[in-house]
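As a plain string of letters, each chain reads:
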Amino acid sequence: MRIITGSAKGTRLETLEGEMTRPTSEKVKEAIFSMIQFDVEGKRILDLFGGSGQLGLEALSRGADIATFVDSSREAAELIKKGEVVAIPTETVYGLAADAYNPEACAKIFKAKGRPQDNPLIIHICDLDMLKNSVKEIPPLALTLAEHFWSGSLTMIFPKKDIVPDTTSGGLDTVAVRMPDNEDTLNLIKMCGVPLAAPSANLSGSPSPTTAQHVYADMNGRIPLIIDGGECKNGVESTVICFTNGGTGIKVLRPGVITAEMLSRFAKTETDKNVFAKPDENEKVISPGVKYKHYSPRADITIIETDSDEKLAEFLNSKNDGGTYGVIFGGEKGIEVPTISYGSTAQEQAHNLFAVLRKTDELGAKRVYVRCPEKTGVGTAVYNRLLRAAAFKTIIL
């Protein structure tokens, strides 16, 4: 697997996964880390540490080979045009990108993730022409929302044209579309000349990846290329909406950092019942991230609802039998079990949630009790992800 890391100059350092058994002393590492300028095949990079990407640097310190500096967008676009799948950064989470119009390529996404075939993919565009080419109808309200929130973390659902294959749409006659807020990814889409289907770049059901390291942990051996764009800005997936009342109303199907309150400035906005509840067994759903257990580490997750630090500490201490961890806001006193803070604000919690859930696996946790976030604003998105990670298990203190 190739791993391409980003730099402040927009170039990419490519490392090749190899034996990684060559010993690297601390002095050698220091010597490597002190390099600030060198040439490879006529291309120059200034300051190896100026970029956002870290995976290639870490691979280097373990003894991986340095192959060359490459134009990452061109490399990725060539693979995608050949029908391959590439992991890409976005402002939400990392995505597994393939040609949205190529059913065989999109089938590789489902295979790599182990994703159920009826779970639709979001397609990512770089301009409104791609939207017009992909969907049958665009309500005026959609254009208004696009003007205010694109590029950004808002996904809108439209009736699809036949050019969007059923593989991409999960067999639905609709397709979910967004324009990501990531300049490199927008340039990649433009180079490909087609929308990119790009669900989260993780094994289906596990926490979404917010770093290239997370992608590597799940996708090593499953895809040919990861572009390391650093840590994702938002940390949770996009808000997904559909249009109601003949295109004049909004229904939130999956919450994100673009909140129902923000959307309500433009039209009457409601929140779908499945945001906080399990869909009926045979219910048809048109948004990803709704129908199945999602976002869950190997540890058993339970949400703890309480306004009392004392009750939280008392409860967690009663579970102090080894293998138990608490995920808390931070600053709570008197807790004897190991804890990890995922932040005291909704924005911090959204940014940190998936990384913290993955951390519990690294620590070998068997049971994880997560303090419930606020259920308003961005906190709605955090609570929605936790409900599915916990399979809706909640304890109220």
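So, here is what we can say about the structure in this document. Because the structure is predicted, anything quoted here is derived from the model rather than measured.

A closer look at the overall build of the protein chain
A tally of regular secondary structure across the protein chain gives 13 helices and 20 strands. Looking at the protein chain residue by residue over its 397 residues, the buried ones come to 56%. Taking the contacts inside the protein chain whose residues are at least 6 apart along the sequence as the reference set, 68% of them involve residues at least 24 apart. Carbon and sulfur atoms make up 48% of the accessible area of the protein chain, which amounts to about 17,000 Å² in all.

Quick look at the side chain of Arg178
Structurally, Arg178 is set in strand β10 (residues 174–178). Since its relative accessible area comes to 2%, Arg178 is described here as buried. Side-chain polar atoms of Arg178 contact the side chain of Thr90, separated by 3.4 Å. Of the polar contacts made by the side chain of Arg178, one reaches the side chain of His124; its length is 3.4 Å.

Thoughts on the packing of helix α3 (residues 72–81) against helix α8 (residues 183–192)
Packing of α3 against α8 leaves a shortest axis separation of 9 Å and a crossing angle of 45°. One finds that α3 runs oblique with respect to α8. Seen from above, α3 lies across α8 with right-handed handedness. Counting all contacts with α3, which are made through Ser73, Arg74, Ala76, Ala77, Ile80 and Lys81, the residues of α8 involved are Asp184, Leu188, Met191 and Cys192. Partitioning the contact of α3 with α8 into residue classes produces six nonpolar, one polar and three charged.

Observations concerning the environment of Ala105
Turning to its location among the elements, Ala105 is positioned in helix α4 (residues 103–113). Residues Ala105 and Ala197, spaced 92 residues apart in sequence, show a C-alpha to C-alpha distance of 9.4 Å. Setting aside anything within four residues of it in sequence, one finds Ala105 in contact with Gly83, Val85, Ala98 and Asp99.

Some thoughts on the sheet that holds strand β16 (residues 300–305)
Picture the strands of a sheet paired through backbone hydrogen bonds; they go either parallel or antiparallel. Pairing in this open sheet of five strands is parallel, and the strands run β18-β17-β19-β16-β20 from one edge to the other. Two strands close off the open sheet at either side, each with one partner strand: β18 (339–341) and β20 (394–396). Strand-to-strand twist across the sheet, computed as the mean angle between neighbouring axes with direction ignored, equals 25°. Pairing analysis gives three bridges linking β16 to β20, with the strands arranged parallel. Note that in β20 the partner of Ile304 across the bridge is Ile395.

Examining the environment of Pro373
In this fold, Pro373 is placed in the loop between β19 (367–371) and α13 (379–389). Residue class for Pro373 comes out buried when judged on its relative accessible area of 6%. Not counting residues up to four positions away in its chain, the partners in contact with Pro373 are Phe329, Tyr342, Gln349, Gly379, Val382, Tyr383 and Leu386.

A word on the nonpolar core
Counting residues in hydrophobic clusters, the biggest one holds 64 residues, and the most contacted among them are Leu145 and Met156. Beyond its immediate sequence surroundings of up to four residues, Leu145 is in contact with Trp150, Leu154, Met156, Ile241, Phe243, Ile250, Leu263 and Phe266. If you look at the next biggest cluster of nonpolar residues, it comprises 28 residues, including Ile301, Leu353, Val382 and Ala389.

Regarding empty space enclosed by the protein
Under the definition given, this model contains three cavities of 30 Å³ or more. Of the volumes computed, that of the largest cavity is approximately 280 Å³. By residue class, the composition of the lining of the largest cavity is eight nonpolar, 14 polar and five charged.

Let's talk about the pattern of salt bridges
Tallied over the full model, the rule gives 13 salt bridges. The residue Arg178 makes a salt bridge to Glu91 at a minimum N-O spacing of 2.7 Å. One end of the pair, Arg178, is in strand β10; the other, Glu91, is in the loop between β6 (86–88) and β7 (95–99), with 87 residues separating them in the sequence. A salt bridge links Glu237 to Arg385; the shortest N-O distance between them is 2.8 Å. With Glu237 in the loop between β12 (225–228) and β13 (239–244) and Arg385 in helix α13, this pair connects stretches of sequence that are 148 residues apart. Overall, the relative accessible area of 1% leaves Arg385 in the buried class. One network of salt bridges, with partners in common, ties together Asp309, Glu332 and Arg371.

Criteria and cut-off values
Residues numbered from 1 in each chain as written. Predicted model: local features only at pLDDT ≥ 70, side-chain atom pairs only at ≥ 80, totals over all residues. Heavy atoms only, no water. Helix = DSSP H or I, 4+ residues; strand = E, 2+ residues; numbered from the N terminus. Buried < 20%, exposed > 50% of the residue type's maximum accessible area, 1.4 Å probe, protein only. Contact = heavy atoms within 4.5 Å. Areas by Shrake-Rupley, 256 points an atom, 1.4 Å probe, with all protein chains shown as cover. Polar contact = N/O pair within 3.5 Å; in protein donor to acceptor, adjacent residues only side chain to side chain. Axes fitted to C-alpha atoms, helices over the stretch in contact; angles between N-to-C directions. Parallel < 35°, antiparallel > 145°, perpendicular 65-115°, else oblique. Left-handed = near helix turned anticlockwise from the far one by under 90°. Nonpolar A, V, L, I, M, F, W, Y, C, P; charged D, E, K, R; others polar. Pairing = 2+ DSSP bridges. Core = buried A, V, L, I, M, F, W, Y, C linked by side-chain atoms within 4.5 Å. 1 Å grid on protein atoms, 1.4 Å probe; cavity = no way out; pocket = protein on both sides within 12 Å on 5 of 7 lines; lining within 4 Å. Points joined across faces, edges and corners; volume = space filled by probe spheres on them. Salt bridge = Lys/Arg side-chain N within 4 Å of Asp/Glu carboxyl O.

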